Amino acid sequence: MTGGLPPNGTLSPASPEPGRVTGFRRLLTWRAWSPVVYGIAATVGGILFLIELGNLGVYRLSFALDQVNPLLGGFYTSLEVVAVILSLGFGLGFVVGWARTTRFLILRGLGSVFVDFFRSMPPIALIVFAALIGGIELKGSNLNPYQIHNITLWLGVLVLGFHTAAYQAEIVRAGILSVPAGQTDASDAVGISRIRSMFVVVLPQAFRVSLPALGNEFSSSIKDTSLLYTIGWVEISGAALIQTSFAYTVYLYGSLVIWFEAAFLYFVITYLVTRSVRGIEDLFKVPGLEVAHT
Amino acid sequence: MSEIRVRGLKKNFGKLEVLRGVDLDIGSGKVLCIVGPSGSGKSTLLRCINLLVMPDEGEIYLDSVALTNPHLRPEWVRQQIGMVFQSFNLFTHLTVKKNVMLALRHAKKIDRAAAEKTAVYQLTRVGLADKMEAYPAQLSGGQQQRVAIARALAMDPKAMLFDEPTSALDPESIHEVLAVMGRLAEEGMTMAVVTHEMGFAKEVADRVVFFDGGRVLEEGSPTEIFDRAGHERTQAFMQKILR
């Protein structure tokens, strides 16, 4: 080799932090699991607090325990609905958000119509419309009322998924737009096709930027599922309402206790989801690029 | 190595005529430096040569292959010609080694082990053997630009285009990068370099063109252009930058 290269020693050192765990191994660290431990500690503390309240007469332990089973039934239904809404919302939101950044006018137009419509409708109106229209359309069919009711229930879930998809589409679009043109210049210049470059260059960077906002939208859409009780879902809120209707005959603070427990169950779902998003954020971290130590 | 010939190249952006009929020859294994004021279309010219920008009119030949032939895949053309940008444009989410491997894996579609071998070889060649696992944001500008050069070289290109490769760098980094480029020229790479580094142009270039208003105003050996420019416009420009 000819030509004068400076010895490496003269260049500014910029080695990665020593001992930094990278990739999927990050999921095995204390940092990743500490929230779970804190969560369990908080739950135990909360239960002790409630027992203390019970001793003061605000809280009747036997009544509170009686509410657990009906509410847990609602909790499992909520989990089911949340799983559907989050996967539908993210999948569809991702596709629509991407469509809005392509150079194909038709795709962009369809994406815009979708986002404009589902973002500007109040979710409760969407749910009620979907269930009502579904019910009316299926009235003359040979399905039995039970099946029709089931379909209208899931139609409500579907439109709620569309609602959050519209928001997530905008988050994904913003993420894609945040990737500098120089990145696609570079992948073009080495001969990577546009579609591949989307998957190996643009989306990983867009995703990294989008994750905090996606976590926000996930947690907000989890709580929107409480609106589904309006069309007959017995999820956490539905179960809590049913229990409340009996509670006043038992004692004064009954409904308070029920809604406290219901709120706690929402907290559990939201916390699990947002913490998982946080874990995924860690996977996408780029050493040297972050300003803040989060 | 290969030669590049450009004939009657034209490009408009809307009403703005950026290239107004450019003719250019870069001999096999030769280095051509392109100098000229900003906004004269130098970058667009380079970006047309590897079809990052599609020219409106004219032909570009790599040896006997007309790159402007619509039947050629632009991806194939770009794999033949390496490009280095002013702002490096390294993939920020990938390590240095993966930056170099990416196109080998996803454009040339060679297997991981072979891609890794090539990446290690090219990075060692530009003096970055100890930075393989670092991320671009952890490197100095000069180191990043050398990674970008290694990334382009890993594709085994027939020619290299450099678009102001040192304009974003501090003096020490400029030296690093120019050293790598000088060595590449000695090894016989066909190169087109848009640059304001007159020292480099004098020392390494075989030919220099002065580019202004979307066309080649003057062409000659480095001494002809820098010291005995025929054109008034060239003289004025040289006086400003050679001060």
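Model, not experiment: these values are computed from the prediction.

With reference to specific residues and values, describe the overall build of chain B.
Of the regular secondary structure elements, chain B holds 9 helices and 10 strands. In terms of overall dimensions, chain B is globule-like: its C-alpha atoms have a radius of gyration of 18 Å, near the 18 Å expected for 243 residues. With respect to the three principal axes, the spread of C-alpha positions in chain B is 55 × 45 × 35 Å. Within chain B, the fraction of its 243 residues that count as buried is 58%. Look at the contacts in chain B between residues 6 or more apart in sequence, and 66% of them connect residues 24 or more apart. Total accessible area on chain B is roughly 9900 Å²; 47% of this is exposed by carbon and sulfur atoms. The distance from the centre of the 31 positive side-chain charges to the centre of the 30 negative ones in chain B is 5 Å.

Account for the pattern of salt bridges, naming residues and giving values.
If you walk through the whole model with that rule in mind, you get 16 salt bridges over all chains. Salt-bridge contacts for Arg125 of chain B lead to Glu187 of chain B; the nearest nitrogen and oxygen are separated by 3.1 Å. Residue Arg125 of chain B is located in helix α4 (residues 112–125), and its partner Glu187 of chain B is located in the loop between α6 (171–186) and β8 (191–194); the two are separated by 62 residues in the primary sequence. Overall, the relative accessible area of 40% leaves Glu187 of chain B in the partly exposed class. Within this structure, Arg100, Arg119, Glu170 and Arg173 of chain A form a network of salt bridges that share partners.

Quick one: what's the story with a nonpolar patch on the surface, residue by residue and with numbers?
All names here are of chain A. Among the surface-exposed residues, Trp33, Val36, Ile40, Val44, Ile47, Leu48, Ile51, Leu61, Leu65 and Val68 lie close enough to one another that they form a single nonpolar patch of about 920 Å² accessible area. In terms of residue count, helix α1 (residues 30–56) provides more of the nonpolar patch than any other element does, 7 residues in total. Summarising the element assignment, Ile47 is placed in helix α1. A relative accessible area of 47% means that Ile47 is categorised as partly exposed.

So, how was this worked out
Residues numbered from 1 in each chain as written. Chains lettered and ligands numbered in written order. Predicted model: local features only at pLDDT ≥ 70, side-chain atom pairs only at ≥ 80, totals over all residues. Heavy atoms only, no water. Helix = DSSP H or I, 4+ residues; strand = E, 2+ residues; numbered from the N terminus. Rg over C-alpha atoms; globule rule 2.2 N^0.38 Å. Buried < 20%, exposed > 50% of the residue type's maximum accessible area, 1.4 Å probe, protein only. Contact = heavy atoms within 4.5 Å. Areas by Shrake-Rupley, 256 points an atom, 1.4 Å probe, with all protein chains shown as cover. Lys, Arg positive; Asp, Glu negative; His and termini not counted. Charge placed at Lys NZ, Arg CZ, Asp CG, Glu CD. Salt bridge = Lys/Arg side-chain N within 4 Å of Asp/Glu carboxyl O. Patch = residues over 30% accessible without salt bridge, like charges linked within 9 Å, V, L, I, M, F, W, Y side chains within 5 Å.

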